[in-house]
Amino acid sequence: MAGEEAEGRPDLDPPEPRPPPPMGQRMLCARPRTAQEEFKENLRISGERSCSRETGLCPRGPPSPSRDPTPESPGLCLRARDISPLLKDPNSFRAAICLLANHLKKTHGGKIDYIAGLDSRGFLFGPSLAQELGLGCLLIRKGGKLPGPTVSTSYTLEYGKADLEIQRDALEPGQKVVIVDDLLATGGTMRAACELLGQLRAEVLECLSVVELTSLKGREKLGAVPFFSLLQYE
């Protein structure tokens, strides 16, 4: 009788087995998500396929053996990524800015003086990122676009040459800058921006982009300057 009563007591009953957590929760418990995974999850939730739509960039110019030219376009043919869906969706754009800002806060703390946006799509991200960090934003523009005294540098593109410039009084020597653009391809423009800021004796802490085309190895052109991207594609 005592054994039967003990078996019926609620506090002695064996606990019911718990169902396993959903797969997504098990993954989160296993390890924290990377910035790239978190960004893609924000894009999935918002219902957008931002930064995933390919667009062909085949600039016309002299033939280049480094990539595959086409009969219609004898110059370098690149595969780029369309950021239009990201800009169209406020949740996705906000996610991108927050992730870039959080990376900079974690990496550099309060050491940054300015964010520099690259002409032209870097202007879409530079001011918002600077605002998020409570900083000012500088414009690095193509040649002939800025008023007043400027300093400039020339660099070679895959299909020609170009100039970048910045206003001479934009920075004081020793001030620390982070450069941002929408995409890093071959790295020529980003490297030229670093050289341009070097003429003003500024310190480039890091370069950022939303998208990186890893097969073009653009980050290697930046030398010792750290580089960070949210999304990477071949």
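Nothing here was measured: the structure is a model prediction, and the numbers come from that model. Per chain, residues are indexed from 1 in the order of the written sequence. Per-residue local features of the predicted model are confined to residues with pLDDT of at least 70, and side-chain atom pairs are confined, for both listing and counting, to 80 or more; whole-chain, interface and lining totals are unaffected and use all residues. Water and hydrogen atoms were dropped before computing side-chain values, which therefore reflect all heavy atoms in the structure.

Concerning the environment of Arg201
For step 1, the next point in the chain: For helices the rule is a DSSP run of H or I covering at least 4 residues; for strands it is a run of E covering at least 2, with both sets numbered from the N terminus onward. Of note, Arg201 is situated in the loop between helix H7 (188–199) and strand S8 (203–213).
For step 2, the next point in the chain: Given the relative accessible area of 60%, Arg201 is considered exposed.
For step 3, the next point in the chain: Spatially, the C-alpha atoms of Arg201 and Gly174 are 6.0 Å apart, while their sequence positions differ by 27 residues.
For step 4, the next point in the chain: Residues contacting Arg201, with those up to four places away along its chain left out, are Pro173 and Gly174. Burial classes follow relative accessibility: with a 1.4 Å probe on protein chains only, a residue under 20% of its type's maximum area counts as buried, one over 50% as exposed, and anything between as partly exposed. Contacts were defined at the residue level, with two residues in contact if any of their heavy atoms lie within 4.5 Å.

Digging into the packing of helix H5 (residues 90–108) against helix H6 (residues 122–133)
For step 1, the next point in the chain: Axes here refer to lines fitted to C-alpha atoms; in helices the fit is confined to the stretch in contact. Angles between the N-to-C directions go from 0 to 180 degrees. At a minimum axis separation of 9 Å, H5 and H6 run at an interaxial angle of 55°. Looking at the two axes, H5 sits oblique to H6. Considering only the axes of H5 and H6, their crossing is right-handed. On the side of H5, the interface is formed by Phe93, Arg94, Ile97, Cys98, Leu100, Ala101, Leu104 and Lys105, while H6 contributes Leu124, Phe125, Ser128, Leu129, Glu132 and Leu133.
For step 2, the next point in the chain: Side-chain classes are defined by residue name, with Ala, Val, Leu, Ile, Met, Phe, Trp, Tyr, Cys and Pro counting as nonpolar, Asp, Glu, Lys and Arg as charged, and the others, Gly among them, as polar. In terms of residue class, the contact of H5 with H6 is made up of 10 nonpolar, one polar and three charged. Roughly parallel means an angle under 35 degrees; roughly antiparallel, over 145; roughly perpendicular, 65 to 115; everything else is oblique. Rotating anticlockwise by less than a right angle from the far helix to the near helix defines a left-handed crossing, while the corresponding clockwise rotation defines a right-handed one.

Observations concerning the nonpolar core
For step 1, the next point in the chain: Only buried residues count toward a nonpolar core, which is a set of Ala, Val, Leu, Ile, Met, Phe, Trp, Tyr and Cys residues joined through side-chain atoms within 4.5 Å. Judged by nonpolar contacts, the single largest core of 28 residues is most densely connected at Ile115, Phe125, Leu129 and Leu208.
For step 2, the next point in the chain: Mapped by element, the contributors of at least two residues to this core are H5, H6, strand S7 (176–184), S8 and strand S9 (227–233).
For step 3, the next point in the chain: Broken down by element, the residue count for this core peaks at seven residues, all from H5.
For step 4, the next point in the chain: In contact with Ile115, other than residues within four places in its own chain, are Leu104, Gly126, Leu129, Ala130, Leu133, Leu135, Gly136, Cys137, Leu138, Val178 and Val180.

As for the pattern of salt bridges
For step 1, the next point in the chain: Put simply, a salt bridge is a Lys or Arg side-chain nitrogen that is within 4 Å of an Asp or Glu carboxyl oxygen. Inspection of the entire model under this criterion finds five salt bridges.
For step 2, the next point in the chain: A salt bridge links Glu132 to Arg94, with the shortest nitrogen-to-oxygen separation between them at 2.9 Å. Note that Glu132 is positioned in helix H6 and Arg94 in helix H5, a separation of 38 residues in sequence.
For step 3, the next point in the chain: Residue classification places Arg94 among the partly exposed residues on the basis of a relative accessible area of 45%.

Brief notes about the packing of aromatic side chains
For step 1, the next point in the chain: Stacked, edge-to-face and tilted labels apply to pairs of Phe, Tyr and Trp rings (six-membered ring for Trp) whose centres lie within 6.5 Å, assigned for plane angles under 30 degrees, over 60, and everything in between, in that order. Counted by the stated rule, this structure contains one aromatic pair.
For step 2, the next point in the chain: Summarising the aromatic geometry, the rings of Phe93 and Phe125 are spaced 5.6 Å apart at their centres and angled 35° between planes, so their arrangement reads as tilted. Of this pair, Phe93 sits in helix H5 while Phe125 sits in helix H6; the two residues are 32 residues apart in sequence, bridging distant segments of the chain. Both residues of the pair, Phe93 and Phe125, count as buried.

Re unusual backbone geometry
For step 1, the next point in the chain: Residue Ser120 is reached from Asp119 by a cis peptide bond, and omega for that bond is 5°.
For step 2, the next point in the chain: Inspection of the secondary structure puts Ser120 in the loop between strand S3 (114–118) and H6.
For step 3, the next point in the chain: The backbone of Arg201 sits at a positive phi, close to 60°, despite the residue not being glycine.
For step 4, the next point in the chain: Its identity as a non-glycine residue notwithstanding, Lys217 has a phi of 55°, on the positive side.
For step 5, the next point in the chain: Here Lys217 is to be found in the loop between S8 and S9.

Quick notes on the pairing of strand S6 (residues 160–167)
For step 1, the next point in the chain: Note on pairing: two strands pair once DSSP finds at least 2 bridges between them. Here strand S4 (residues 136–142) pairs with S6 via two bridges, running antiparallel. Each residue of the ladder has a partner; that of Arg141, found in S6, is Glu165.
For step 2, the next point in the chain: Two elements, strand S5 (residues 150–157) and S6, share eight bridges in a ladder whose sense is antiparallel. Residue Thr156 lies in a different strand from S6, and its bridge partner there is Lys161.

Quick notes on H6
For step 1, the next point in the chain: With 12 residues, H6 should reach 16 Å at 1.5 Å per residue; the first-to-last C-alpha distance of 16 Å fits that figure.
For step 2, the next point in the chain: Looking at H6, one finds that the buried residues are Gly122, Phe125, Gly126, Leu129 and Ala130. For H6, the arc enclosing every buried residue in end-on projection is 125°, short of the 170-degree limit, so these residues lie on one face.
For step 3, the next point in the chain: Structurally, H6 contributes buried residues whose contacts are with helix H4 (84–88), H5, S3, S4, S7 and S8. For a helix, the expected span equals 1.5 Å multiplied by the residue count minus one. In this description, the arc belongs to the directions extending from the helix axis to the C-beta atoms.

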